[in-house]
Amino acid sequence: MTATINHERQELKAANKQLAEWDAELNQLHERNGDLGLKVQMLEQELKEVQRDREANKKLGSDRRRISRAGRLAQSVKSAA
């Protein structure tokens, strides 16, 4: 009877040890998942900023082209006069 109880205790200890290891792994996964979630949020914000900058640069380029055309037109008008 004592041998059976000792055997069951050993099995419980082993099971508890395995559960503790799994719990530690799960905690690490939760931390990693949280870190990845934060990285995703940061990358999404950076993407939005880049897209905004790109749109601003397109508008700026368009404005520069219009100014350049206006300058060439003014130059041709001066040349013609």
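Residues numbered from 1 in each chain as written. Predicted model: local features only at pLDDT ≥ 70, side-chain atom pairs only at ≥ 80, totals over all residues. Heavy atoms only, no water.

Chemist: Teacher, can you tell me more about the pattern of salt bridges here?
Modeler: When their charged atoms lie close together, side chains carrying opposite charge are able to pair. According to the stated counting rule, one finds one salt bridge in the structure shown. When the shortest N-O distance is used, the salt bridge between Glu55 and Lys58 registers 3.6 Å. Residue Glu55 and its partner Lys58 are both found in helix H1 (residues 2-80); the two are separated by three residues, about one turn of the helix. With a relative accessible area of 48%, Glu55 lands in the partly exposed category. (Salt bridge = Lys/Arg side-chain N within 4 Å of Asp/Glu carboxyl O. Helix = DSSP H or I, 4+ residues; strand = E, 2+ residues; numbered from the N terminus. Buried < 20%, exposed > 50% of the residue type's maximum accessible area, 1.4 Å probe, protein only.)

Chemist: Just to check I follow, could you spell out the environment of Gly34 for this structure?
Modeler: Relative to the helices and strands, Gly34 is located in helix H1. By relative accessible area, which is 41% here, Gly34 ends up partly exposed. C-alpha of Gly34 to C-alpha of Asn57: the two residues are 23 residues apart in sequence and 35 Å apart in space.

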